[in-house]
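Below are the chains, spelled out letter by letter.
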Amino acid sequence: MKTWMTGEEGEKTGIDKLVENFTAGADVGYDQRLAEYDIYGSIAHVHALENLELVTSLEAKKLRNELRKLLKKDISLNIGDEDIHSKVENEITEALGELGKKLHTARSRNDQVLVDIRLFTKAELFRIVREMLNLVESLLYFGSSQSDTPMVGFTHYRKAMPSSVGLWAGSYGEALLDDLTLLEANLELIDQSPLGAGAGYGVPVNLDRELTAEILGFDKVQNNAIYVMNSRGKFEFNLISALASVQLDLSRLASDLIDFSNGEFNFFEIPEEFTTGSSIMPQKKNPDVLELVRGRSASFSGHLSNLFSLLHGLRSGYSRDLQETKKSLFESLGDTGDSLAVLAPLVSALGVNEEELINAFSGEVFATDKVFELVKEGVPFREAYRRVKNNLDSKTEEVSEKLIKESIGSREHLGGPGNPGLDEKKASLERAKKKWAERESRFVDSLKELRKPEASGEEYENQKPEAGNHE
Ligand code: ARG
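I will try to describe carefully the structure that is included in this document. Sequence order as written defines the numbering, with residues in each chain counted from 1. Given that the model is predicted, a residue must reach a pLDDT of at least 70 before its local features are reported, and side-chain atom pairs must reach 80 or more before they are shown or counted; all residues, however, enter totals for whole chains, interfaces and linings. Only hydrogens and water are set aside when side-chain values are computed; all heavy atoms of the structure are taken into account.

The subject of this paragraph is the layout of surface pockets. Over the atoms a probe the size of a water molecule is rolled, and this reveals where empty space is left. By volume, the largest pocket amounts to about 700 Å³. Taken together, 24 residues line the largest pocket, and the ones lying closest to its centre are G153, F154, T155, D256 and F260. Only DSSP runs of H or I with at least four residues qualify as helices, and only runs of E with at least two residues qualify as strands; both kinds are numbered from the N terminus onward. Of all the secondary structure elements, the ones that give two or more residues to the lining of the largest pocket are β1 (150–155), β2 (158–164), α7 (165–190) and α10 (234–260). By residue number, the principal contributor to the lining of the largest pocket is α10, which donates six residues. Charged means Asp, Glu, Lys or Arg here, nonpolar means Ala, Val, Leu, Ile, Met, Phe, Trp, Tyr, Cys or Pro, and polar covers whatever is left, Gly included. Residue classes in the lining of the largest pocket are distributed as 12 nonpolar, eight polar and four charged. Cavities and pockets were defined on a 1 Å grid built from protein atoms only: a cavity is a group of points that admits a 1.4 Å probe but offers it no way out, a pocket is an open group of points flanked by protein on both sides within 12 Å along at least five of seven lines, and a lining residue is one with an atom within 4 Å of any such point. Grid points are joined across faces, edges and corners, and a volume is the space filled by probe spheres set on the points.

This next bit is on the environment of P271. Its place among the elements puts P271 in the loop between β5 (268–269) and α11 (288–297). Three exposure classes are used, based on accessible area relative to the maximum for each residue type with a 1.4 Å probe and protein chains only: buried under 20%, partly exposed in between, and exposed over 50%. Looking at P271, the relative accessible area reads 8%, which means it is buried. Taking C-alpha positions, P271 is 34 Å from N186, a pair spaced 85 residues apart along the chain. Contacts between residues were defined by any pair of non-hydrogen atoms, one from each residue, lying within 4.5 Å. Apart from residues no more than four positions distant in its own chain, P271 is found in contact with L346, A349 and L350.

Here β1 runs beside β2; their pairing, made up of six bridges, is antiparallel. Considered in β2, the bridge of V152 is made with P162. Strand pairing requires that DSSP identify at least two bridges connecting the strands. Once β1 ends, the chain turns through two residues before running back antiparallel as β2, passing H156 with a positive phi of about 55°.

Quick look at the packing of helix α6 (residues 109–145) against α10 now. In a pair of packed helices, the angle between the axes and the distance between the axes together describe the arrangement. Two numbers describe how α6 lies on α10: the axes approach to 13 Å, and their chain directions differ by 20°. On the basis of their axis angle, the class for α6 and α10 is roughly parallel. Considering the relative orientation of α6 and α10, their crossing is left-handed. Between α6 and α10, the contacting residues are I117, R118, T121, L125, I128, M132, L135 and L139 on the first element and F235, E236, L239, L243, V246, L250 and L253 on the second. Residues of the contact of α6 with α10, tallied by class, amount to 12 nonpolar, one polar and two charged. Helix axes use the C-alpha atoms of the stretch in contact, all axes being lines fitted to C-alpha atoms, and the angles between their N-to-C directions lie in the range 0 to 180 degrees. Angular relationships are summarised with four words: roughly parallel below 35 degrees, roughly antiparallel beyond 145, roughly perpendicular across 65 to 115, and oblique for the angles in between. For a crossing to be left-handed, the near helix must be turned anticlockwise from the far one by less than a right angle; the clockwise case is right-handed.

So this is what it looks like as structure tokens:
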């Protein structure tokens, strides 16, 4: 039976299966993954009810311990359960009878679902950041191990100037470090407790929202009850936008690797375990993993446009349309986490073909250097450019490894191929690792605390030493 049905009504009319499937069909799949967080939210809420004496201390302990038991059970959600919030309430009521019916006092599924989503998103975000830090590490260390390896730089898909593998790899490490800043800003938004906003207009008892925020490990309370509802979807939009930025970098990294490892370039060797074969062409080792990283990135603009369209015209407050934000959120978190997880070991094991990288340096790559030789002799830049351009067809000097190394070395300013600044970025990586590990451990510890069983009043009574029996 649904929580919002009175007994007789439910039995009399039942519910139309069509409506049930339509409203809860796909949603229970997402809610299944929110189960753990829904229970944490309820445990915290019972503390607030206890403070308000809406349940006695003994009742509160019973409720919390029953919720903890539920954490250990494999909850399997069916469409008939409607959603995870009703399922948990029904399970508790089944176990504790009348007492279970007090659990939903002073809250709504509207603030409940937000608690679940924010906790779930935090857990996913911490996973994503861990994977990101691994990938940044792979890129920066791969980059430093190859910092002197020459690599032609391209513009417009055409050979442009001398560059290095270190600068190329470092560019992606640095890009992801910037993306971490975007994710951090998003964590600030998500790390606000919605609990107590009720259906969007508060509840008629003086809930201690700061207490529940703290118990759940949120950084602070999200103040305005209407805005709590209105931020559903908006926070998702911003987070997915940051994830899209990550995905943009991953996708271009994948694209580079697809090109630079093919037979035309042969600069890099994708480790065999990250390639797949062809069912018809025995010689093929295809970069499917990289192609899927790129392919999955395509859905991010769809998610963003989905969320924006869903939200921009909605009346303030809760509408069921908001349920449709889950799909984009769950999919994008999953895709980014998975893409990062597969790229870090791939980059660490990437093979480098130094000979091919050097062979790609044909004479024209040094045209700009020639201009600068003249500039250093005092010829004005535009004149030097003209002279070199007019002589492009004349035989260029032999390209030697010495010439390549000198040319790269001459680009020694900050962030140039001769000075890619990888050590400084490694230091930023270490700082980011520390900061995120601290933040994640605060989250993990608060959930651990919520899981700890409490001695119920009854047990406490039994443990009391009998009068006169002091040892
Ligand atoms: N499944 C719903 C959602 O994700 C839960 C909240 C339902 N609230 C309601 N008023 N029907 O939004």
